[in-house]
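Coordinate analysis (summary)
Listed below are the residues making up each chain.
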Amino acid sequence: AGRLQVDGDALVMAWTRHNPDDATQAGTFRNRVRVTSGGLHVETEVVPDDGSPAVAIATTRAVRR
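The notes below deal with the structure included here. Because the structure is a prediction, the values reported are computed rather than measured.

1. Looking at the side chain of histidine 41
Here histidine 41 is to be found in strand β4 (residues 39-48). In terms of polar contacts, histidine 41 uses its side chain to reach the side chain of glutamate 43, at 3.4 Å. Discounting residues that sit within four places of it in the chain, histidine 41 has contacts with Arg32, Val33, Arg34, Thr36, Thr59, Thr60 and Arg61.

2. Side note on the environment of alanine 58
As for its position among the elements, alanine 58 is in strand β5 (residues 56-62). For the pair alanine 58 and glutamine 25, spaced 33 residues apart in sequence, the C-alpha separation works out to 21 Å. In contact with alanine 58, other than residues within four places in its own chain, are Val42, Glu43 and Thr44.

3. Notes on the pairing of strand β3 (residues 22-36)
Summarising the sheet, strand β2 (residues 10-19) and β3 pair through nine bridges and their orientation is antiparallel. By the bridge assignment for β3, valine 12 is matched with arginine 32. The turn joining β2 and β3, which pair antiparallel and follow one another in sequence, is formed by two residues. Where β3 lies against β4, 10 bridges are found, and the strand directions are antiparallel. If you follow asparagine 31 over to β4, its bridge partner there is threonine 44. Here β3 folds back onto β4 in antiparallel fashion, the turn holding two residues.

Thresholds, definitions, all that
Residues numbered from 1 in each chain as written. Predicted model: local features only at pLDDT ≥ 70, side-chain atom pairs only at ≥ 80, totals over all residues. Heavy atoms only, no water. Helix = DSSP H or I, 4+ residues; strand = E, 2+ residues; numbered from the N terminus. Polar contact = N/O pair within 3.5 Å; in protein donor to acceptor, adjacent residues only side chain to side chain. Contact = heavy atoms within 4.5 Å. Pairing = 2+ DSSP bridges.

In structure tokens form, the structure reads like this:
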């Protein structure tokens, strides 16, 4: 199950995903979606739930042409 909330001008979708190779390992995925003057702006963050400092972040922009 995931969580959906509004945070200021962003729609935030978050969920926990278990590692398919090791069910004892999990991470939290979080997408922050904003509509800007430049189009749709999506930030994706993945953080392991084991407390390690590793974080994966991606930013995507989509513009209708």
